[in-house]
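Spelled out, the chains give:
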Amino acid sequence: VETRTIGSGKDALKIKSIVNGLWQVSGAHGRIDGAQAVQEMFKYIDSGLTTWDAADIYGPAELVTREFRKQYRAKYGKDPEMQVFTKYVPRPGDMPFELIQAAVDKRIERLGVDRIDLLQFHWWDYSNKQYIEAMTHMKTLKEQGKIRNLALTNFDTEHMRELVEEHNIPIVSNQVVKRQAHKKG
């Protein structure tokens, strides 16, 4: 599987071109067997698929990732070579530093890591400009070493450009949804 690099310098992160989404373990589509999910992660890692995408809104996805790390360490005596993205999807509203710091600390604890490889921020109400405040706080937490790289999810070009060009937020990616319409021939 092809490897790509996102970020630069000391924060450069080598990721696989195929990212394993963990939304399936959110429980939104039925009961999840956490032990089975962890065992499936071993299969992915063993086949070279080492990049994962979780989120605060994916139920136990971050906890499943933490449990996988724990079991991997017990089995092999070392940390797994894996990269984990997670999303932060707050309700639009006031974004004081303490709220953002608590959310980041919770992601770190739930993932069982010292810092987040890639924190993807999602916001859907651009009339509420607090997303700028939130991203400014995340930049501070990145500078403090809690976040390796910052990213967005489903931001339009105008607002992504605003964050990067006007507010100097070091965004390394923007995960967007693409759905292909099926045509009947």
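Quick caveat: nothing in here was measured; it's all calculated off a predicted structure.

So, how was this worked out
- Residues numbered from 1 in each chain as written.
- Predicted model: local features only at pLDDT ≥ 70, side-chain atom pairs only at ≥ 80, totals over all residues.
- Heavy atoms only, no water.
- Pairing = 2+ DSSP bridges.
- Helix = DSSP H or I, 4+ residues; strand = E, 2+ residues; numbered from the N terminus.
- Salt bridge = Lys/Arg side-chain N within 4 Å of Asp/Glu carboxyl O.
- Buried < 20%, exposed > 50% of the residue type's maximum accessible area, 1.4 Å probe, protein only.
- Contact = heavy atoms within 4.5 Å.
- Expected span 1.5 Å × (residues − 1).

Trainee: Can you help me understand the pairing of strand β1 (residues 3-6) in this one?
Mentor: Where a strand is regular, its side chains alternate between the two sheet faces. Alignment of β1 against strand β2 (residues 13-16), held across four bridges, turns out to be antiparallel. Looking at the pairing, Thr5 lines up with Lys14 of β2. Counting the residues between successive antiparallel strands, the hairpin from β1 to β2 contains six residues, one of them, Gly7, with a positive phi of roughly 75°.

Trainee: How should the pattern of salt bridges be read in this particular structure?
Mentor: Proximity of charged atoms lets side chains of opposite charge pair with each other. Evaluated as defined, the whole model comprises 14 salt bridges. For the salt bridge of Asp11 with Lys142, the shortest nitrogen-to-oxygen distance reads 2.5 Å. With a gap of 131 residues between them, Asp11 in the loop between β1 and β2 and Lys142 in helix α4 (residues 130-143) connect regions that are remote in the sequence. We note that Asp11, like Lys142, is buried. Lys87 is the salt-bridge partner of Asp53, the closest N and O atoms lying 2.6 Å from each other. Taken together, the residues span a long stretch of sequence, with Asp53 in strand β4 (residues 51-53) and Lys87 in strand β5 (residues 83-88) at a distance of 34 residues. Given the relative accessible area of 6%, Lys87 is considered buried. Taken together, the shared-partner salt bridges in this structure form one network comprising Lys10, Asp11, Arg115 and Lys142.

Trainee: What should I look at first to understand the environment of Pro60 in this one?
Mentor: Relative to the assigned elements, Pro60 resides in the loop between β4 and α2 (61-76). For Pro60, a relative accessible area of 30% puts it in the partly exposed group. Sequence separation between Pro60 and Ile171 is 111 residues; the distance between their C-alpha atoms is 26 Å. Setting aside chain neighbours within four positions, we find Pro60 in contact with Val25, Ser26 and Arg110.

Trainee: Could you clarify how one ought to interpret helix α3 (residues 97-111) in this entry?
Mentor: One full turn of an α-helix is made of 3.6 residues, so residues set three or four places apart face in the same direction. Here α3 spans 21 Å end to end across 15 residues, near enough to the 21 Å set by a 1.5 Å rise per residue. Listed as buried for α3 are Ile100, Ala103, Val104, Arg107, Ile108, Arg110 and Leu111. The inward-facing, buried residues of α3 contact α2, β5, β6 (116-122), α4 and β7 (147-153). Positive backbone phi, at 70°, marks Gly112, one or two positions downstream of α3.

Trainee: Could you clarify how one ought to interpret unusual backbone geometry in this entry?
Mentor: Only a minority of non-glycine residues have a phi that is not negative, and only a minority of peptide bonds are not trans. In this model, Asn154 sits at a positive phi of 60°, which is unusual for a non-glycine residue. Examined against the element boundaries, Asn154 turns out to sit in the loop between β7 and α5 (157-167). Positive phi, normally seen in glycine, also occurs at Asn168, with a value near 55°.

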